[in-house]
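Report on the structure
This is what each chain is made of:
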Amino acid sequence: MQVGKTAFREGMNKVQKTAVRVLLWVLTILMCGLIFGFSSQDGDTSMETSGIIAEPIARVISSGMKEMTPSRYAVLLNDVQAVVRKTAHFTEYLVLGGLVYLLHLSYGRKACVISSFVLTTFYAAGDELHQWLGGSRTGMWQDVLLDACGAMVGIQICRAAWMKWKEKKSELAGERQQ
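On a predicted model such as this, the values are computed, not experimentally measured, just so you know.

Some points on the packing of aromatic side chains
Considering all chains together, one arrives at one aromatic pair under this definition. Aromatic side chains Trp162 and Trp165 sit 5.0 Å apart centroid to centroid with 25° between the ring planes, which places their arrangement in the stacked category. With Trp162 and Trp165 both in helix 6 (residues 141-177) and three residues apart, this pair spans about one turn of that helix. Judged by its relative accessible area of 40%, Trp165 is partly exposed. In this arrangement the basic side chain of Arg21 is found over the ring face of Tyr107, its NZ or CZ atom lying 4.5 Å from the centre.

Points about the environment of Gly134
Position of Gly134 relative to the elements: it lies in helix 5 (residues 112-134). In the structure, Gly134 is positioned 95 residues away from Ser39 in sequence and 8.9 Å away in space, judged by C-alpha atoms.

Section: a nonpolar patch on the surface
Together, Val22, Leu23, Val26, Leu27 and Leu30 make up a nonpolar patch on the protein surface, roughly 440 Å² of accessible area in all. By the element assignment, Leu23 lies in helix 2 (residues 14-40).

Observations regarding the nonpolar core
Within the largest apolar cluster, twelve residues are counted, these being Leu24, Met31, Cys32, Ile35, Tyr93, Leu96, Leu99, Val100, Leu103, Ala124, Val144 and Ala151. Breaking this core down by element, the ones donating at least two residues are helix 2, helix 4 (70-106) and helix 6. With five residues, helix 4 is the single largest residue contributor to this core. Once you skip the residues sitting within four places of it in the chain, Ile35 turns out to touch Glu92, Tyr93, Leu96, Tyr123 and Asp127.

Let's talk about the packing of helix 4 against helix 6
Contact geometry for helix 4 and helix 6: axes closest at 6 Å, N-to-C directions at 45°. The pairing of helix 4 with helix 6 is recorded here as oblique in orientation. In the crossing of helix 4 with helix 6, the sense of the turn from one axis to the other is right-handed.

A word on the layout of surface pockets
Empty space among the atoms becomes visible once a probe the size of a water molecule is rolled across them. In this structure, the largest pocket encloses a volume near 550 Å³. Around the largest pocket sit 23 residues that line it, and Ser46, Ser50, Arg85, His89 and Arg137 are the ones nearest its centre. Among the elements of the structure, helix 2, helix 3 (43-63), helix 4 and helix 5 are those that each provide at least two residues to the lining of the largest pocket. Considering every element that reaches the lining of the largest pocket, the biggest residue donor is helix 4, with seven residues.

Some thoughts on the environment of Ser62
As for its placement among the helices and strands, Ser62 is situated in helix 3. Measuring from C-alpha to C-alpha, the distance between Ser62 and Trp25 comes to 43 Å, with 37 residues separating the pair along the chain. Not counting chain neighbours up to four residues away, the residues in contact with Ser62 comprise Met68, Tyr73 and Leu76. A distance of 3.0 Å separates the side chain of Ser62 from the backbone oxygen of Arg59, its partner in a polar contact.

Observations regarding the packing of helix 5 against helix 6
Contact pair helix 5 / helix 6: the axes reach a minimum separation of 9 Å and the direction vectors enclose 150°. Taken together, the axes of helix 5 and helix 6 lie roughly antiparallel to each other. Crossing angle aside, the handedness with which helix 5 passes helix 6 is right-handed. When helix 5 is examined against helix 6, the residues Val113, Ser116, Phe117, Thr120, Thr121, Ala124, Ala125, Asp127 and Glu128 are found in contact with a partner set consisting of Asp143, Val144, Asp147, Ala148, Ala151, Met152, Ile155, Gln156 and Arg159.

Details of the pattern of salt bridges
With the rule as written, the count across this model stands at two salt bridges. Close ionic contact of Asp143 with Lys86 constitutes a salt bridge, the shortest N to O distance being 2.5 Å. With Asp143 in helix 6 and Lys86 in helix 4, the pair connects residues that are 57 residues apart, well separated along the chain. The residue Lys164 makes a salt bridge to Glu167 at a minimum N-O spacing of 3.8 Å. Placement of the pair is Lys164 and Glu167 together in helix 6, with a separation of three residues, close to one helical turn.

Calculation criteria
The written sequence of each chain sets the order in which its residues are numbered from 1. Side-chain atom pairs in this predicted model are given and counted only at pLDDT of 80 or more, local residue features only at pLDDT of at least 70, and totals for whole chains, interfaces and linings cover all residues. Working from all heavy atoms in the structure, the side-chain values ignore hydrogens and water. Aromatic pairs are defined between Phe, Tyr and Trp rings, using the six-membered ring for Trp, whenever the two ring centres lie within 6.5 Å; interplanar angles under 30 degrees are classed as stacked, those over 60 as edge-to-face, and all others as tilted. Think of it this way: any DSSP run of H or I at least four residues long counts as a helix, any run of E at least two long counts as a strand, and we number them from the N terminus. Exposure categories follow from relative accessible area, calculated using a 1.4 Å probe and restricted to protein chains: below 20% of the type maximum is buried, above 50% is exposed, and the middle band is partly exposed. Lysine and arginine charges are scored as sitting over a ring when NZ or CZ, respectively, is within 6 Å of the ring centre and within 35 degrees of the ring normal. Within the patch definition used here, like charges are joined within 9 Å and nonpolar side chains (Val, Leu, Ile, Met, Phe, Trp, Tyr) within 5 Å, considering only residues with over 30% relative accessible area and no salt bridge. Per-residue and other accessible areas were derived by the Shrake-Rupley procedure at a 1.4 Å probe size, with only the shown protein chains allowed to occlude residues. We define a salt bridge as a contact between a side-chain nitrogen of Lys or Arg and a carboxyl oxygen of Asp or Glu at a distance within 4 Å. Here, nonpolar core means buried Ala, Val, Leu, Ile, Met, Phe, Trp, Tyr and Cys residues that are tied together by side-chain atoms lying within 4.5 Å of each other. Throughout, a contact is declared for two residues whenever any of their heavy atoms are within 4.5 Å. In this description, a line fitted to the C-alpha atoms serves as the axis of each element, helices being fitted only across the stretch in contact, and the angle between N-to-C directions of two axes falls anywhere from 0 to 180 degrees. Here the angle decides the label: under 35 degrees means roughly parallel, over 145 means roughly antiparallel, 65 to 115 means roughly perpendicular, and every other value means oblique. Crossing handedness: left-handed means the near helix sits turned counterclockwise from the far one by under a right angle, and right-handed means the same turn made clockwise. The method works on a 1 Å grid over the protein atoms by themselves. A cavity is a set of points holding a 1.4 Å probe that cannot get out, a pocket is an open set with protein on both sides within 12 Å along at least five of seven lines, and residues with an atom within 4 Å of a point line them. Grid points are joined across faces, edges and corners, and a volume is the space filled by probe spheres set on the points. Under this definition, polar contacts are N or O atom pairs within 3.5 Å; protein pairs additionally need one hydrogen-donor-capable and one acceptor-capable atom, and for neighbouring residues in sequence, both atoms have to be side-chain atoms.

Below is the structure:
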C-alpha cells in the first residue's frame, strides 16, 4: 500500500469509490433532512410523533402495575415519552456521526474522528438553535450534549468496524501471499 493511501482508496476502482461517496453523501444529506424535519415540528406534532412509540410502551408497563389511575398513567406516559424523545435524539446523531465519519474516511482524510465529531456537534447545536428560533419548541444545550454523545458512539462504532475490516483484509492478503 502506498504511503498516504487508505485501504478504502486503494481497494476500489474509481467508479466504485465515486459510487460509495455519492451514496454516503446522499445518506448524510437525507439524515440531516430528517433531523431538520423533526426539529421543524411544533411541540404538539412532536409529542404525537413520539407518542406513536411511547403509548404502547406505557400501556405494557401500566398493565403490570396495580391501581393505575388516569393521573398516574399520564405521569407514566410523560416519563416514557421523555425517554423515547431522548433516545431518538441520541440515535439520530449516532447515525449522522457514523455517516460523516465514513464520508471523511472515503476521502482518505486523517483525523476523521475529530472532524466528524466537530461537524456533527455543530449540526446538533444548529438544530437546537433552529428549535429555539422557531418559537414553538425549546432548544436545550443538554440535547446538544446528548446528540454529541450519540455522534461519538456512532463514530466509534464505524471506526471499530473499519479497523476490524482492515485487519481482516490484511490477514487475507497475507494468506494469499503464502
